[in-house]
Amino acid sequence: MITLIAIDLDGTLLNHQKEIPADNIQAIQEATAEKIKIVLCTGRPSSGTKPYFDQLGLQEDEFLILNNGCSTYSSLEWKLIHSHSLNLQDISDLYDLCKDYPGVYLTLTAEDNYYVLGDAVPELVQADGDLVFTQVKAITIADLASSQEVVFQAMYMGVESILDGFEEAYALELSEKYSLVRSQDYILEVMPQNVTKAYALQELAKDLNCSPEEIMAIGDAPNDIEMLSFAGLGVAMGNASPAIKKLADKVTADCDHAGVAKAIREFALKG
């Protein structure tokens, strides 16, 4: 019996127009009416998640795993219940690696701000900021140290060809100390060691006394792989890659055809 559904956002709950299909909203409300907990699991920060969560119209306390597992919130008061962060030395070390790669930018997600290290905000970085409804701010290491702000995760950003070279050069070194995932062609995400969506989902499941067998996870991208494997029922979207579909237990419709709604009704509410 499914008692918790973990749902990715981009390419999963959201269609390719970055909208939630009405049928997905209806199916999620049907699930909560059956006392099934809903957990949005995304690489997005709170600024890029809350507007979508609000559209779901949920009345009970649900949960949100953000920043690829670095922060977990309960929904009624947006209370931070678990967090994992990078320290200033981590950030300085990460920044040093990309100094010899013009066109690769280190961005940082803090609880209330989205930063890029440097003197200005590159167009590519602000374009990503626009997707999460926030103005990116340029910051120096010294200013970051003075602010004492908690930084959940870092992201290297660059055009695909340049980022490919950077990843090839440093992925092995980075993976010895951090969790690493290429979530988009232009983004290489860096989280504290062992922190993933699955790690955060496991933390939350323990809080809720929920076993993996009671969890259904739905996703489409490389940063969903561990989550799909952890859940008792891992469902790949129809728009996921063949590799992700192969490792999933089930495959649903694509994000433009309300695949989340189909999965909820077929696998969680059936019978």
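Note that the structure is a prediction, hence the values are computed from the model and not measured.

A. Summary view of the sheet that holds strand β3 (residues 63-66). Read across the open sheet, the eight strands follow the order β5-β4-β3-β2-β1-β12-β13-β14; overall the sheet is mixed. This sheet does not close on itself; its edge strands, each paired only once, are β5 (79-83) and β14 (250-251). This element, helix α7 (residues 197-207), spans β1 (4-7), β2 (37-41), β3, β4 (71-74), β5 and β12 (215-219) of the sheet and lies at about 155° to β3. Against the sheet, helix α10 (residues 259-268) touches β1, β12, β13 (233-236) and β14, its axis set at about 155° to β12.

B. Summary view of the pairing of strand β11 (residues 187-192). Burial runs high along β11: six of the six residues are buried. The sheet contact formed by strand β10 (residues 178-184) and β11 spans five bridges and is antiparallel. Looking across to β11, one finds that Leu-180 is bridged to Val-190. The antiparallel pairing of β10 with β11 creates a hairpin that spans two residues between the two strands.

C. Geometry of empty space enclosed by the protein. This structure, assessed with the given rule, holds one cavity of 30 Å³ or more. In this structure, the largest cavity spans a volume of roughly 30 Å³. Forming the boundary of the largest cavity are Pro-45, Ser-46, Leu-66, Asn-67, Ser-71, Tyr-73, Thr-109, Ala-110, Glu-111 and Phe-152. Listing elements by their share of the lining of the largest cavity, those giving two or more residues are β4 and β6 (105-110). Each residue belonging to the lining of the largest cavity can be placed in one class, and the counts come to five nonpolar, four polar and one charged.

D. Quick peek at the side chain of Asn-15. Along the chain, the position of Asn-15 falls in the loop between β1 and α1 (22-33). Judged by relative accessible area, which is 10%, Asn-15 ranks as buried. Polar side-chain contacts of Asn-15 include one of 2.9 Å to the backbone nitrogen of Gln-17. Excluding anything up to four places from it in sequence, Asn-15 contacts Pro-21, Cys-255 and Asp-256.

E. Focus on the layout of surface pockets. The volume enclosed by the largest pocket comes to roughly 560 Å³. Looking at the lining of the largest pocket, the elements with two or more residues in it are α4 (123-131), β10 and β11. Residue classes in the lining of the largest pocket are distributed as nine nonpolar, eleven polar and eight charged.

F. Representation of the sheet that holds strand β8 (residues 137-139) in the model. Here we have six strands laid out as an open sheet, ordered β8-β7-β6-β9-β11-β10, and mixed in their pairing. In this open sheet, the two strands that pair with only one neighbour each are β8 and β10. If you compare each strand with its neighbour and ignore which way they point, the axes differ by 30° on average. Inspection of the sheet shows strand β9 (residues 151-157) paired to β11 by four bridges, in the antiparallel sense. Looking at β11, one finds that Tyr-156 is bridged to Leu-188.

G. Fine view of the packing of helix α3 (residues 88-98) against helix α6 (residues 160-175). Viewed as axis vectors pointing N to C, α3 and α6 meet at an angle of 150°, and their least axial separation amounts to 11 Å. Taken together, the axis directions place α3 and α6 in an arrangement best described as roughly antiparallel. In the crossing of α3 with α6, the sense of the turn from one axis to the other is right-handed. Each of Leu-94, Leu-97 and Cys-98 in α3 lies in contact with α6, whose residues at this interface are Phe-166, Tyr-170, Glu-173 and Leu-174. When grouped by side-chain class, the residues that make up the contact of α3 with α6 number six nonpolar, no polar and one charged.

H. Quick peek at unusual backbone geometry. Phi is positive for Gln-148, which is not a glycine, with a value near 55°. Notably, Ala-258 is not glycine yet its phi reads approximately 50°, a positive angle. You can see Ala-258 is positioned in the loop between β14 and α10.

The rules behind each value
Residues numbered from 1 in each chain as written. Predicted model: local features only at pLDDT ≥ 70, side-chain atom pairs only at ≥ 80, totals over all residues. Heavy atoms only, no water. Pairing = 2+ DSSP bridges. Helix = DSSP H or I, 4+ residues; strand = E, 2+ residues; numbered from the N terminus. Contact = heavy atoms within 4.5 Å. Axes fitted to C-alpha atoms, helices over the stretch in contact; angles between N-to-C directions. Buried < 20%, exposed > 50% of the residue type's maximum accessible area, 1.4 Å probe, protein only. 1 Å grid on protein atoms, 1.4 Å probe; cavity = no way out; pocket = protein on both sides within 12 Å on 5 of 7 lines; lining within 4 Å. Points joined across faces, edges and corners; volume = space filled by probe spheres on them. Nonpolar A, V, L, I, M, F, W, Y, C, P; charged D, E, K, R; others polar. Polar contact = N/O pair within 3.5 Å; in protein donor to acceptor, adjacent residues only side chain to side chain. Parallel < 35°, antiparallel > 145°, perpendicular 65-115°, else oblique. Left-handed = near helix turned anticlockwise from the far one by under 90°.

Any functional reading would require information beyond the geometric quantities listed.
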